[in-house]
Every structure is written in structure tokens, then in C-alpha cells.
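Each chain, letter by letter, is given below.
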Amino acid sequence: MWAQKTINLRARPRGFHLITDEIEQQLPQIRELSVGLAHVFIQHTSASLTLNENADPSVRTDMEAHFNAFVPERAPYYEHIYEGDDDMPAHIKSSTLGSSVSIPITNGRLALGTWQGVYLGEHRDHGGSRRLVVTIQGE
Amino acid sequence: MWAQKTINLRARPRGFHLITDEIEQQLPQIRELSVGLAHVFIQHTSASLTLNENADPSVRTDMEAHFNAFVPERAPYYEHIYEGDDDMPAHIKSSTLGSSVSIPITNGRLALGTWQGVYLGEHRDHGGSRRLVVTIQGE
Amino acid sequence: MWAQKTINLRARPRGFHLITDEIEQQLPQIRELSVGLAHVFIQHTSASLTLNENADPSVRTDMEAHFNAFVPERAPYYEHIYEGDDDMPAHIKSSTLGSSVSIPITNGRLALGTWQGVYLGEHRDHGGSRRLVVTIQGE
């Protein structure tokens, strides 16, 4: 069984945001699978998807602080500067964190660990709506 | 054909560890597939999975030294500090390196390059046992 | 439906290179699938695959500048130094960026965003030809 759905995420501020529930709600087909995989893909190069702690919001703000420190704006060697100070760092963060996550499906549920959630990494100051393509397969 | 198995890895010290053999031994179904994919997923947010060199152990210790230098403990901007100095860096390393690897299956074997192995990144000082979900599919 | 192909990329200089067209041209089976996934895997530990901006070449040179600054050569703690100054950084970049990308297939095409392309990260000074294994599945 295959299913695929495009999800348009509402605009969010720069930072990391939990989107696990939005994905699960829009893919009821997950419940029909005893074993499978869910592939969540973001069609942008200045945002990212990753898995991390789903409980304490300070993990998300510390992630944002870390990546701002280690992927700096206005690095002297940047040449791609005409789309704003946040643009080239956003591209680097996107590749560092990744454009997709793949999650096992077990007995009709995403087989996430107790503390795992799906993060949207919004790396632009005003990134706007973001589009995901979620692909479900299994049996 | 689909197969899925949970593997409990024994506790390992902080650092990078080769776990290719453990995965292959527990998934004999790989041998039945002429073409397919193996998805290895870790159900934790303070450890990671990645592929890297399977020969010289100094690659693994240098990886640990690099990520300790570039994902520092006690960064002044961390707020998530109550679970230990190693906790927030472990979350960042987990997202930087990733929670899963996907490996092609070709003629009954994982189609890894000659020098590629699966690394567990144990990012906590005392992370304990770690749980993987391995999903195999193909024909 | 499953298809799998090994692609030998020609040697490229150190840096990031767009390879989307090469992958699509060698996998005409993509056109037969209404829904599916393409998994692109590199069988090396000193090169990487990632998705990023497919338009302005300065994104690729800035990516190279960033990763050279934040994954330095000759770090004082490296012990794996006998294969050249570029070797250990190449291993770290490979794990930071990743060894594979998975892309949805929708109506016979890779469902990349408008600005997304597949990057080869060549992290050695003289990495030579690089081998990919591309696995297509869907219906």
C-alpha cells in the first residue's frame, strides 16, 4: 500500500517547531499498516526536518541558539548575500539538518521513541508557508 | 516483502561505535532480497546513527573529538541544563548526525561501500541500552 | 515495482556539485511511477549527498567555505592524519551532511521543490570517481 499527501504548513517564526501531530492527523492511512515506513520531505532549501525531544521547549530554543552560533550570519566568506543575512545560513542549516525524516510504522502507529517528535527547522526570518510531501508505504 | 525487528543495543561508552555486524546478524531476511532497502532507526534523541569508515578506530575517536569541540558543553546560551552537561550537546549531535540510515540491499547483501560501516553515536556519558527499529523491504 | 542502478560519477574537484540531471537521466523508470520514492546512496565515507539550492553557484561555494571553516584541517586533536590533511575533515563532513537522500516520486517525476537539486559533496582534494546506488520503488 502506498499513500502520498502534500501538507502545507502555516508560516512559523524562525526556530524549531514540533509538527508530529499535524503529520499524523493528515495521514490516517498509517493506522492501516502493521509494518511500513513514513517518509516526510520538505520542498525547500532554507528549512529542514529533524527528530528531537518532544517535551521541553528549551531544547528547541537551545537548538536555535546553537545553530545560530555555529552557522553565523554575515560570515566574511559568504558571496550569496543578496537575499538577506538569514539566507545563506538557512541553506547551510538545511543541509546540516536534512530535508527529510523516515520513521518506521509498527502496528498502525509511527514507531517514534517516547521522547521523539518531528521538528520543522524554520531557518528564515520570514519563511512563509512550507510544503511537505509525506509518503506512506507498508502492508 | 517486509520485515521489521527491534534490536536492543547493549550500553556503550560515549563515542562512536561500529554496529554493522549486529544489524546484519539480526536480519537474516536481507539474504532473501535481490533488491531492496534497509532502514535503521534509533528511538532516542541523545544518540545518532551515521555511516563512516569501518577500518581505523582513530576515525571514530576523531569524530568524537570534533563534535565535542563544535557542539560544546556548558555553552552560555543553553537553558536546557538540568539533565547534565552532556544532555543538550547530545540532542544537537543527534539532529546534526541523524536518527536513521537507509542502505540499499543488492543480491542479498547490504550494498555498503568497501569502507562503510554503521556507526552508533552515543552522545551521553551514561546513555544505557539503546533501541533500534530495523525495517527491511524489497523483492 | 523496484529498480536499482549503480551510477559512476566522474571525478570532480573538491566542493559541492549539482548532479540531479545525471540521476534522472539514468533512471527512466521514474516516469512509470505515480507514487514512489527514489533513494540515492553514495558508497564512500569522504563524500556526501544533500539537497540544496539548484540556481546560484555561490550557494555551493559558500557551503564549501562554511564547512571548511567549521570542519577544519589539521585540528590539534586529529589522530587520523596519515591519509592527508583533507581526509579526516572529509569523514566528518560526510557524516554531518549524510550518505543518502530520499526523494518522493509523484506522477512520474522527482517531487523536488522548485529550487531543490541533488548535491554531491566532494570532500577530498582528489576524490576520483564516486559510486552511487540509486534505488527506485513505487507503483
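The following paragraphs examine the structure supplied in this document.

What to know about the packing of helix α2 (residues 57-70) of chain B against helix α3 (residues 87-97) of chain C
- Here α2(B) crosses α3(C) at 70 degrees, and the two axes come no closer than 10 Å. Put simply, α2(B) runs roughly perpendicular to α3(C). By crossing handedness, the relation of α2(B) to α3(C) is classed as right-handed. Each of V59(B), D62(B), M63(B), H66(B) and F67(B) in α2(B) lies in contact with α3(C), whose residues at this interface are M88(C), H91(C), I92(C), S95(C) and T96(C).
- Classifying every residue of the contact of α2(B) with α3(C) gives five nonpolar, four polar and one charged.

A short note on the environment of H123(A)
Residue and element names in this part refer to chain A.
- The residue H123 is located in the loop between β7 (116-122) and β8 (130-138) in this model.
- Apart from the residues lying within four places of it in its own chain, the contact partners of H123 are R14, F16, S46, A47, S48, D86, A90, K93, S94 and L97.
- At a separation of 3.5 Å, a polar atom in the side chain of H123 contacts the main-chain carbonyl oxygen of G121.

Structural notes on the sheet that holds strand β2 (residues 15-18) of chain B
Residue and element names in this part refer to chain B.
- Taken together, the three strands give an open sheet; going across it, the order is β2-β7-β4, and neighbouring strands pair in antiparallel fashion. Since the sheet does not close on itself, it has two edges, and those belong to β2 and β4 (47-53), each with one partner. Each adjacent strand pair in this sheet contributes to an overall mean axis angle of 35 degrees, direction not counted.
- Taken strand by strand, α2 contacts β2, β4 and β7 (116-122), and its axis lies near 150 degrees from that of β2.

A short note on the interface of chain A and chain C
- Of the residues lining the interface, 27 residues belong to chain A; the matching set on chain C comes to 33 residues.
- Both sides together, the interface formed by chain A and chain C hides about 2500 Å², and carbon and sulfur atoms give 58% of it.
- The largest share of the area that chain A buries against chain C comes from W2(A), Y77(A) and S95(A), three residues that together contribute 26% of it.
- Remark: the boundary between chain A and chain C carries zero salt bridges.
- Where chain A packs against chain C, one counts 15 residue pairs in polar contact (both at pLDDT 80 or more).
- Taken together, the elements giving at least two residues each to the side of chain A that touches chain C come down to β1 (2-9), β3 (35-42), α3 (87-97) and β8 of chain A.
- When grouped by side-chain class, the residues that make up the side of chain A that touches chain C number twelve nonpolar, 13 polar and two charged.

Examining the nonpolar core
- Judged by nonpolar contacts, the single largest core of 33 residues is most densely connected at M63(A), M63(B) and M63(C).
- Of all the elements in the fold, those that place two or more residues in this core are α2 (57-70) and α3 of chain A, α2 and α3 (87-97) of chain B together with α2 (57-70) and α3 of chain C.
- Excluding residues within four positions of it along the chain, M63(B) makes contact with F16(B), T50(B), N52(B), Y119(B), M88(C), H91(C), I92(C) and S95(C).

Describing the pattern of salt bridges
- According to the stated counting rule, one finds 29 salt bridges over all chains in the structure shown.
- A salt bridge links D86(A) to R124(A), with the nearest nitrogen and oxygen atoms 2.9 Å apart. Remark: R124(A) occurs in the loop between β7 and β8 and D86(A) occurs in the loop between α2 and α3; sequence separation between them is 38 residues. In this pair, the class of D86(A) matches that of R124(A), namely buried.
- Notably, a salt bridge pairs R14(B) with D125(B), separated by 2.9 Å at the nearest N-O pair. On the criterion of sequence distance, the pair formed by R14(B) in the loop between β1 (2-9) and β2 and D125(B) in the loop between β7 and β8 (130-138) is long-range, its members being 111 residues apart.
- Among the residues examined, D125(B) registers a relative accessible area of 37% and is labelled partly exposed.
- Put simply, R14(A), E64(A), E73(A), R74(A), D85(A) and D125(A) are held in one network by salt bridges that share partners.

Reading the values: rules and limits
- Residues numbered from 1 in each chain as written.
- Chains lettered and ligands numbered in written order.
- Predicted model: local features only at pLDDT ≥ 70, side-chain atom pairs only at ≥ 80, totals over all residues.
- Heavy atoms only, no water.
- Axes fitted to C-alpha atoms, helices over the stretch in contact; angles between N-to-C directions.
- Helix = DSSP H or I, 4+ residues; strand = E, 2+ residues; numbered from the N terminus.
- Parallel < 35°, antiparallel > 145°, perpendicular 65-115°, else oblique.
- Left-handed = near helix turned anticlockwise from the far one by under 90°.
- Contact = heavy atoms within 4.5 Å.
- Nonpolar A, V, L, I, M, F, W, Y, C, P; charged D, E, K, R; others polar.
- Polar contact = N/O pair within 3.5 Å; in protein donor to acceptor, adjacent residues only side chain to side chain.
- Pairing = 2+ DSSP bridges.
- Buried area = accessible area lost by both parts, 1.4 Å probe.
- Salt bridge = Lys/Arg side-chain N within 4 Å of Asp/Glu carboxyl O.
- Core = buried A, V, L, I, M, F, W, Y, C linked by side-chain atoms within 4.5 Å.
- Buried < 20%, exposed > 50% of the residue type's maximum accessible area, 1.4 Å probe, protein only.

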